[in-house]
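Inside the fold
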Amino acid sequence: MPLFEMRDVRNTKDPMKNTPELSLLSAANKPTEHWLSVRISEHRFLSCLSHLFTSDELEIFSPDNETFDRIQSNGIIVGIGEIEGKKVGFLYNDFRVNGGAFSISASQKANQFFTKIKESHIPLVMAFQSIGVGIMEGRNVFMDSFATMPSLFDLREKNIPIFSVALGRCLGLSSILYQMGHMRIAVSEKSSFNLTGPEVIRLFFGNDSNFDIESSAEKQIEENDLVQDIVQTPEIAFAKIKAVLSFLFSQSQSGNHNLRTHESFGEHPEISNLCKSEEKIQEVLKQVGESSLEVFDQLNPVVRTFLVKRDQKTIGVFINPPGHTNNLISLNTLEKYQAALSLFKALGIPIISFLDTPGIDPRFSQQSQDIIRSIVSVGKRIIQYPHGHMGFTLGRCFGGATTLAFPKNFRSLRCFAVKGCQFGIMSESILEQILANSPRLLEKRQEIKKSEKDDFQDLIDSGVIDGLIEFEEIGKQVEVFLYQAEELNMHEEEHKPRAPLHQQKSREQNFPRLRPRYRKDEKEQSLHLPPKYSQ
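Described in the following lines is the structure provided in the data block. (Residues numbered from 1 in each chain as written. Predicted model: local features only at pLDDT ≥ 70, side-chain atom pairs only at ≥ 80, totals over all residues. Heavy atoms only, no water.)

**Details of the overall build of the protein**
Test applied: What counts as a helix is a DSSP run of H or I of at least four residues, what counts as a strand is a run of E of at least two, and both are numbered from the N terminus. A contact between two residues is defined here by any heavy atoms of the two lying within 4.5 Å. We get accessible surface area from the Shrake-Rupley algorithm with a probe of 1.4 Å; when it comes to residues, only the shown protein chains can shield them.
Within the protein one finds 18 helices and 19 strands. A sequence separation of at least 24 residues applies to 70% of the contacts in the protein between residues at least 6 apart. Counting every atom, the protein has about 26000 Å² of accessible surface; 50% of that belongs to carbon and sulfur.

**Thoughts on helix α8 (residues 234-249)**
As a reminder, the rule being used: Each residue after the first adds 1.5 Å to the expected span of a helix. Categorising residues by exposure relies on relative accessible area from a 1.4 Å probe, with only protein chains included: less than 20% of the type maximum marks a residue as buried, more than 50% marks it as exposed, and the intermediate range marks it as partly exposed.
Over its 16 residues, α8 extends 22 Å from the first C-alpha to the last, a length consistent with the 22 Å expected when each residue adds 1.5 Å. By the burial criterion, the buried members of α8 are Pro234, Ala237, Phe238, Lys240, Ile241, Val244, Leu245, Ser246, Phe247, Leu248 and Phe249.

**Description of the nonpolar core**
To keep it simple, the criterion reads: By nonpolar core we mean a set of buried residues, namely Ala, Val, Leu, Ile, Met, Phe, Trp, Tyr and Cys, connected to one another through side-chain atoms within 4.5 Å.
Residues Leu46, Leu49 and Phe344 are the most contacted members of the largest nonpolar core, which totals 66 residues. Broken down by element, this core gets its largest block of residues, nine residues, from helix α11 (residues 331-347). For Leu46, the contacting residues outside a window of four places in its chain are Val38, Ile40, Leu58, Phe68, Ile77 and Tyr92. Listed in part, the 34 residues of the second largest apolar core include Phe61, Leu124, Leu152 and Ile160.

**As for the pairing of strand β9 (residues 183-187)**
Worth spelling out the cut-off: In this description, strands pair whenever DSSP reports at least two bridges between them. Whether a crossover is right-handed depends on one test, that the path from the first strand over the helix to the second runs clockwise when the strands point away from the viewer.
Extensive coverage of β9 is indicated by the burial of five of its five residues. Side-chain alternation along β9 places Met183, Ile185 and Val187 on one buried face and Arg184 and Ala186 on a second face that is also buried. Where strand β8 (residues 162-171) lies against β9, four bridges are found, and the strand directions are parallel. By the bridge assignment, Ala166 is partnered in β9 with Ala186. For the crossover that starts at β8, traverses helix α4 (residues 173-179) and ends in the parallel β9, the hand is right-handed. Bridging between β9 and strand β11 (residues 229-231) involves three bridges; their strand directions are parallel. Counterpart to Ile185 in the pairing with β11 is Asp229.

**A word on the pattern of salt bridges**
Applicable threshold: Between Lys or Arg on one side and Asp or Glu on the other, a salt bridge is scored when a side-chain nitrogen of the former is within 4 Å of a carboxyl oxygen of the latter.
A complete count under the given rule lists 17 salt bridges for this structure. Its salt-bridge partner being Lys240, residue Asp297 comes within 3.2 Å of it at the nearest N-O pair. Here Asp297, found in the loop between β12 (291-295) and β13 (304-310), pairs with Lys240, found in helix α8; they are 57 residues apart in sequence, far enough to count as distant. Per residue, the accessibility class of Asp297 equals that of Lys240, and both read buried. Members of the salt-bridge network, linked through shared partners, are Arg39, Asp56 and Glu57.

**A word on the pairing of strand β6 (residues 86-93)**
Taken across its eight residues, β6 has six buried, putting it largely inside the fold. As judged from the eight bridges shared by strand β5 (residues 76-83) and β6, these two strands associate in the antiparallel manner. Residue pairing in the sheet places Val78 in a bridge with Leu91 of β6. Between β5 and β6, which pair antiparallel and follow one another directly, the connecting turn spans two residues, one of which, Glu84, has a positive phi of 55°. Read as a crossover between parallel neighbours, the route from β6 over helix α1 (residues 104-120) to strand β7 (residues 124-130) is right-handed.

**Thoughts on helix α3 (residues 148-157)**
Definition in use: The arc in question is the one spanned by the directions pointing from the helix axis to the C-beta atoms.
For α3, the full list of buried residues reads Thr148, Ser151, Leu152 and Leu155. Seen along its axis, α3 keeps its buried residues to an arc of 95°; they face one direction. Looking at the packing, one finds that the buried side of α3 touches α1, β7, α2 (142-145), β8 and α4. Backbone geometry just downstream of α3 places Asn159 in the positive-phi region, at approximately 55°.

**Examining unusual backbone geometry**
The phi dihedral of His121 falls on the positive side, at around 55°, and the residue is not glycine. Structurally, the position occupied by His121 is in the loop between α1 and β7. One non-glycine residue with positive phi stands out, namely Asn159, at about 55°. Counting through the fold element by element, Asn159 comes out in the loop between α3 and β8.

**Regarding the side chain of Asn300**
Among the secondary structure elements, Asn300 is positioned in the loop between β12 and β13. Among the residues examined, Asn300 registers a relative accessible area of 15% and is labelled buried. Apart from residues no more than four positions distant in its own chain, Asn300 is found in contact with Ser330, Asn332, Thr333 and Lys336.

Shown next, in the form of structure tokens:
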């Protein structure tokens, strides 16, 4: 049974009105809510949405009107489209109508729509170009307009993926709502962000600052994590989101869907060295799965983040470019870890980390930016990750950076060292230099080093890692991990309150869980792996 059903609602007073209504099954007993069938191709101002959806048809949510009209939409259009046959919700600011403001009526409509998104558990794409709240309605606007924040928090609590696009000025409330997306894209030279407009800035603070420069998307991506990706046109922004969702929904495993270009890294000082690691990164990705798509490619390149498809299952992957010498984990790197962990959690997918780094950047410039707080925040996200996580140490793994290898004491399902890697408090050469002036301590360190076996048996015995493997064995361990992650998810589902029937069906349609490939013996309660992995 489909998530939505079409019902023909006729106005008996006016036989000329014959508007099909799209009604959620869960709302069958509620007052009439109009879902209006609209074609993108018939409305020029909606044309950029054709780059987001694979179908020309939209279902517009219009609780007050029985026909679709640009003016009656009051600056905010909400509805449902399709990507690869799956339902995806959208909110679209029409700036030419009331500045795309979140007025009382428009905000009420948005909040009702967000409730529908939560009930049906489908992704949401929000495209902003707005002056913020409806300033002409006075302080009464606050009740409904700022209720959009808890509405979106509810969606995030339900792990519903939210994508934000800035098409132009995002002022006031719209800049806040934009920040609540799991992936945030802005259109270059058009997007700007501030809690108020340029007129207020000039009125109270003078003309010392250039509003267009200081509020630009380029300034935000340089100085904070509000903007995560900058593109040249709205069409490209929507196409990037469509690529992510298409990759998630697609059953195909062939081909490499990597959209990244080296130019994405801009003027990063280590770009030449990073490019040299590209071949090694591709070798790692081939061990994980058949095809890949890079996400957050414009953020700090010391860690690269991918969606990878294996046996029709999607995996989130973190890779520090192997062999890159100057690979310290900075605050910007940790912000990228947080962004990807948030997105992957919302997508409901297991994750894998491949680590090669000399450690976390200890310089005072990083400490003054509160890098310690970020370490704790990222560590908490890893420990609490609900869909299964696994780690591999490919090269260097020292100090606090070991947490980014998803070790067993961070509740990972599996963790392995790959032959040739280094694992310790810090590099042995650095330790020797530190202890060079203290023969007693140096001798004690050398005694301890004797217990640190080349085969990492000491780490295996202590439970930090599961074993030492060859690079070619990564794929085999990924396969076992996916089975364990599926078992974990099934166990979690068994202990959750049973959802209403329409929610179960819609979630299965849009985010099919990994199917168990093997069975668990109920008597022995032991894990039965396929023959090639059971040794």
